[in-house]
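# Residue-level structural notes
Below, each chain spelled out in residue letters.
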Amino acid sequence: MEDHITPRRVVIVGGGFAGLFAVRSLRKYPVEIILVDRAGHHLFQPLLYQCATGILSEGQIAVPLRDFFKRQRNVRCVLAEVTGFDPSQRQVLARRPGGERIELSYDDLIVAAGVGQSYFGHDEFARWAPGMKSVADALTIRRRIFGAFELAETATTVADRRRWLTFALVGAGPTGVELAGQLRELATRTLDAEFRSVRSEDARVLLFDGGDAPLATFGPKLSARATRSLQHLGVELHMGARVTKVDQDGLVAVDASGDETRHDAGTVLWTAGVQAPSVADALASATGAERDRAGRILVAPDLTVPGHPDICVVGDLMSLDRLPGVAEVAMQSGLYAARRIKRRLRGDPLKKPFRYHDLGSAAYISRGRAVVSVGRLRFGGFPGWVAWLFIHIAFLTGFRNRVGAILTWSVAFTRDSRRERVFTTRQIEADHDAYSALATGTNRATRP
């Protein structure tokens, strides 16, 4: 073991699956772990759409990092946003809520900051079409969805009512498909008897994607099954359509033949594409790392930044062999990065490159319908739905969240009840960001 006066310090940026698994893997080792996260909680993003549509609460899909690691004594959680890196001094530069600058020294650095929503060069769309990457996003979408039904109820013209009852989703990957299915279920099952002036089941759900079919990454068989299920639910598919404009009244899409069509919609939601956050810019600038088209960091086979063996990039933020941005990749890469540190502590560097073991994919479409791809197995329908339930229960973090989800699903799926429908009329996305204070404070190092 290497001789250190103080324990080897490991700074981990991001409390997602990659960061979480790296921290847990190092729990019995003589290291000091600093876990830096701008939100202070671990979020199970694959179930954000259920928070947005009133099935699960935000507390059932997220867990405070301090609570999760309260018994792991070698971990210290820091609520801060990473803004830069100084590899020569082995320091991470961060900003606390309120704007105060801090510096965190490290011996090993694991960057697991995840990715954000991509609007493919049209960031102005974000004002009218929120993405779904955070709790705040889910609560914003919840307000827009349930608010749209309320506004339709009091609309004074038929055209206005029709517009509020039209929901347009951009992106037919798992998130878009799952959200589209939930919107139709919400309208036809949960809200069908609650309104007096409108028929909620008349709500239209339009799903746009530039590809040929929804869930294309699941293969043609499951993609076709998903198509049939969505059409059975009443989702209107617009495949081969590229969205070129989004505003407060809807969107404009161009089809494969080049024809441009205006679609009026009271609610537009963006479920397509990812891009690296600003922390990737800072890391690339400090280390000279190359990046892919989405801005993710190109890493070596051992997940390190080339020329910087003490810096690993893991999870969605890393770019290696076109690996998908899914929870399994994040978990396995976080474990691998932690294993490198363990081997270095023993003086026996890890030489085997990272190898991803595909555990499969699953997408929920509606109650009793899901598609699952595991190795050569491809199945859907009710068996797929049951498999989806077990997979997501297993992936939820914390016993309380697992039990809470099971109980909530039991009621929601048997009685068409969605208890988490409270929303605020305040514009969540316009609230003040705690990290953007004008007063930046003074620089302060937490470790000399």
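Predicted, not measured: the structure shown is a model, and the values here were computed from it.

### Points about the overall build of the protein chain
A tally of helices and strands in the protein chain yields 12 helices and 26 strands. Split into buried and exposed, the 448 residues of the protein chain put 54% on the buried side. Considering only contacts in the protein chain between residues 6 or more positions apart, those separated by 24 or more positions represent 65%. Of the accessible surface of the protein chain, which amounts to about 20,800 Å², a share of 51% is contributed by carbon and sulfur atoms. Measuring between centres, the 60 positive side-chain charges of the protein chain sit 7 Å from its 48 negative side-chain charges.

### A look at empty space enclosed by the protein
Tallied over the full model, the rule gives 3 cavities of 30 Å³ or more. Estimates place the volume of the largest cavity at around 80 Å³. If you trace the largest cavity, you find it lined by Ile55, Gln182, Glu185, Arg189, Thr190, Tyr364, Arg367, Ala412, Phe413, Asp416, Ser417 and Arg418. Among the secondary structure elements, those contributing two or more residues to the lining of the largest cavity are helix H7 (174–190) and helix H12 (399–415). When residues in the lining of the largest cavity are grouped by element, the largest group, 4 residues, is from H7. Looking at the lining of the largest cavity residue by residue, the class counts come to 4 nonpolar, 3 polar and 5 charged. Of the voids in this model, the second largest cavity is the one considered here, and its volume is about 40 Å³.

### Digging into the nonpolar core
It is characteristic of soluble globular proteins that their nonpolar side chains tend to be buried jointly. Counting 126 residues, the largest nonpolar core has Phe149 and Trp409 as its most contacted members. The dominant element in this core, judged by the number of residues it contributes, is helix H10 (residues 327–345), at 9 residues. Ignoring sequence-local partners within four residues, the contact set of tryptophan 409 consists of Leu47, Gln50, Ile55, Leu56, Trp388, Leu389, His392, Ile393 and Thr414. By size, the runner-up hydrophobic cluster in this structure holds 16 residues, among which are Phe125, Phe208, Ala241 and Ala265.

### Section: unusual backbone geometry
Despite not being glycine, phenylalanine 120 shows a phi value in the positive range, around 55°. Mapped onto the secondary structure, phenylalanine 120 falls in the loop between strand S10 (116–117) and helix H5 (135–153). Within the chain, arginine 322 stands out as a residue other than glycine whose phi angle is a positive 55°. In this structure, arginine 322 sits in the loop between strand S22 (318–319) and H10.

### Focus: the sheet that holds strand S1 (residues 8–13)
Spatially, 6 strands are ordered S5-S2-S1-S9-S21-S20 in an open sheet, and the strand pairing comes out mixed. Either end of the sheet is taken by a strand with one partner, and the two such strands are strand S5 (75–79) and strand S20 (304–305). As paired strands, S20 and strand S21 (residues 308–313) are joined by 2 bridges and run antiparallel to one another. Looking at S21, one finds that valine 305 is bridged to histidine 308. In the packing of helix H1 (residues 17–25) onto the sheet, contacts are made with S1, strand S2 (31–37), S5 and strand S9 (108–111), and the angle to S1 comes to roughly 160°. Those strands touched by H10 are S1, S2, S9, S20 and S21, and its axis lies near 150° from that of S21.

### A short note on the environment of valine 252
Its place among the elements puts valine 252 in strand S15 (residues 250–254). Remark: the alpha-carbon pair of valine 252 and serine 57, spanning 195 residues in sequence, is separated by 33 Å. With sequence-adjacent residues up to four places away left out, valine 252 is seen in contact with Arg242, Val243, Thr244, Lys245, Glu260, Thr261 and Arg262.

### Regarding the packing of aromatic side chains
Scanning all chains against the criterion turns up 16 aromatic pairs. Here the aromatic rings of phenylalanine 17 and phenylalanine 395 are separated by 6.5 Å at their centres, their planes lie at 75°, and the arrangement is edge-to-face. Taken together, the residues phenylalanine 17 in helix H1 and phenylalanine 395 in helix H11 (residues 381–395) connect sequence positions 378 residues apart. On the basis of relative accessible area, phenylalanine 17 is assigned to the buried category, the value being 10%. Here phenylalanine 68 and phenylalanine 69 contribute two aromatic rings whose centre-to-centre distance is 5.0 Å and whose plane-to-plane angle is 90°, an arrangement assigned as edge-to-face. Relative accessible area serves as the criterion here: at 22%, phenylalanine 68 is assigned to the partly exposed category. With a relative accessible area of 5%, phenylalanine 69 lands in the buried category. Taken together, the ring pairs in this structure connect Tyr49, Tyr364, Phe382, Trp385, Trp388, Trp409 and Phe413 into an aromatic cluster. The cationic tip of arginine 24 hangs over the ring face of phenylalanine 21; the distance from NZ or CZ to the ring centre is 4.7 Å.

### Observations regarding a nonpolar patch on the surface
Taken together, Phe399, Val403 and Leu407 make up a surface patch of nonpolar side chains, about 320 Å² in accessible area. Note that valine 403 resides in helix H12.

### Quick word on the confidence of the model for the protein chain
Looking at the protein chain as a whole, its pLDDT mean stands at 91, while 95% of the residues score no less than 70. Long-range and interchain partners of residues 438–448, a stretch whose pLDDT sits below 50, account for 28 contacts in this model, where long-range means more than four residues apart.

Basis of the calculations
Residues numbered from 1 in each chain as written. Predicted model: local features only at pLDDT ≥ 70, side-chain atom pairs only at ≥ 80, totals over all residues. Heavy atoms only, no water. Helix = DSSP H or I, 4+ residues; strand = E, 2+ residues; numbered from the N terminus. Buried < 20%, exposed > 50% of the residue type's maximum accessible area, 1.4 Å probe, protein only. Contact = heavy atoms within 4.5 Å. Areas by Shrake-Rupley, 256 points an atom, 1.4 Å probe, with all protein chains shown as cover. Lys, Arg positive; Asp, Glu negative; His and termini not counted. Charge placed at Lys NZ, Arg CZ, Asp CG, Glu CD. 1 Å grid on protein atoms, 1.4 Å probe; cavity = no way out; pocket = protein on both sides within 12 Å on 5 of 7 lines; lining within 4 Å. Points joined across faces, edges and corners; volume = space filled by probe spheres on them. Nonpolar A, V, L, I, M, F, W, Y, C, P; charged D, E, K, R; others polar. Core = buried A, V, L, I, M, F, W, Y, C linked by side-chain atoms within 4.5 Å. Pairing = 2+ DSSP bridges. Axes fitted to C-alpha atoms, helices over the stretch in contact; angles between N-to-C directions. Phe/Tyr/Trp six-rings, centres within 6.5 Å; stacked < 30°, edge-to-face > 60°. Lys NZ or Arg CZ within 6 Å of the ring centre and 35° of its normal. Patch = residues over 30% accessible without salt bridge, like charges linked within 9 Å, V, L, I, M, F, W, Y side chains within 5 Å. Salt bridge = Lys/Arg side-chain N within 4 Å of Asp/Glu carboxyl O. pLDDT = per-residue confidence, 0-100.

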